[in-house]
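# Breakdown of the fold
So the chains spell out like this:
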Amino acid sequence: EPRPELDALLHKVPMIRRSTWRAPKGVYLYGNVGTGKTMLMDMFIDTLCKFPNYASSSIRRTHFHRFMLDVHQRIHLLRQEGHRGDLVTSVARQLVQEAPILCFDEFQVTDVADAMILQRLFSIIYSHGGVVFATSNRAPLELYRVRGRGGLNYDLFLPFIDLLKERC
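Residues numbered from 1 in each chain as written. Predicted model: local features only at pLDDT ≥ 70, side-chain atom pairs only at ≥ 80, totals over all residues. Heavy atoms only, no water.

On to the packing of aromatic side chains. All told, the structure shown has 17 aromatic pairs when counted by the stated rule. Relative to Phe104, the ring of Phe67 lies with its centre 4.5 Å away and its plane at 50 degrees, an arrangement referred to as tilted. Residue Phe67 is found in helix 3 (residues 64-80), and its partner Phe104 is found in strand 3 (residues 101-105); the two are separated by 37 residues along the sequence. Three or more aromatic residues joined by ring pairs form one cluster here, namely Tyr28, Tyr30, Phe64, Phe67, Phe104, Phe107, Phe122, Tyr126, Tyr144, Tyr154, Phe157 and Phe160. Stacked on the ring of Tyr126, the Lys or Arg Arg167 has its end atom at 5.3 Å from the ring centre. (Phe/Tyr/Trp six-rings, centres within 6.5 Å; stacked < 30°, edge-to-face > 60°. Helix = DSSP H or I, 4+ residues; strand = E, 2+ residues; numbered from the N terminus. Lys NZ or Arg CZ within 6 Å of the ring centre and 35° of its normal.)

Time to look at the side chain of Asp70. Turning to its location among the elements, Asp70 is positioned in helix 3. Owing to a relative accessible area of 16%, Asp70 belongs among the buried residues under this scheme. Excluding residues within four positions of it along the chain, Asp70 makes contact with Arg60 and Leu95. (Buried < 20%, exposed > 50% of the residue type's maximum accessible area, 1.4 Å probe, protein only. Contact = heavy atoms within 4.5 Å.)

Judged by side-chain polarity, Met39, Leu40 and Met43 come together as a nonpolar surface patch covering roughly 310 Å² of accessible area. Among the secondary structure elements, Leu40 is positioned in helix 2 (residues 37-49). Judged by its relative accessible area of 43%, Leu40 falls in the partly exposed class. (Patch = residues over 30% accessible without salt bridge, like charges linked within 9 Å, V, L, I, M, F, W, Y side chains within 5 Å. Areas by Shrake-Rupley, 256 points an atom, 1.4 Å probe, with all protein chains shown as cover. Salt bridge = Lys/Arg side-chain N within 4 Å of Asp/Glu carboxyl O.)

Take the environment of Met39 next. Of note, Met39 is situated in helix 2. Looking at Met39, the relative accessible area reads 52%, which means it is exposed. Residues Met39 and Thr135, spaced 96 residues apart in sequence, show a C-alpha to C-alpha distance of 9.9 Å.

What holds strands together in a sheet is hydrogen bonding between their backbones, with the strands either parallel or antiparallel. Pairing within the open sheet is parallel, and its four strands lie in the order 1-4-3-2. Looking along the sheet, the strands with just one partner apiece sit at the ends: strand 1 (27-30) and strand 2 (59-63). Each strand axis lies, on average, 10 degrees off the axis of its neighbour in the sheet, ignoring direction. With four bridges connecting them, strand 3 and strand 4 (residues 131-136) associate as parallel partners. Paired with Cys103 across the strands is Phe133, a residue of strand 4. In this fold helix 2 packs onto strand 1, strand 2, strand 3 and strand 4, with an angle of close to 160 degrees to the strand it touches most, strand 3. (Pairing = 2+ DSSP bridges. Axes fitted to C-alpha atoms, helices over the stretch in contact; angles between N-to-C directions.)

In structure tokens:
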């Protein structure tokens, strides 16, 4: 005999799993120049591509500066097309749909515009299942510092550092 309450409960189970699922933590690898950080990232990518579920098209490997130029260009194009609202969220979703595994070489923040959108951008990337592997010559707290001093609006950048530490 049909039991509608059981059917309703079973339909909710996948939603519960999906809502509590989190992407695996990423990697933030930093150290001195020439210590093999990029080589380790390349080995990670090569190894991942050997698994049938991970085509090289699901991985984006780029220098972080080039990635941020692409983000700003996409935001600009969306504005030109007449899109309104939170364009950073739209771009972050696009990025994860194109390649959920983002590998950044030379991660550093020197531009105030980058510093101000990183927390929102990466929050959306992570919430949509994106995983980040990044190499840098700088520890997270040093990402947006020049000569030992924080960049413009450094206090607004600190939540991004906390997010990076939590997710990598």
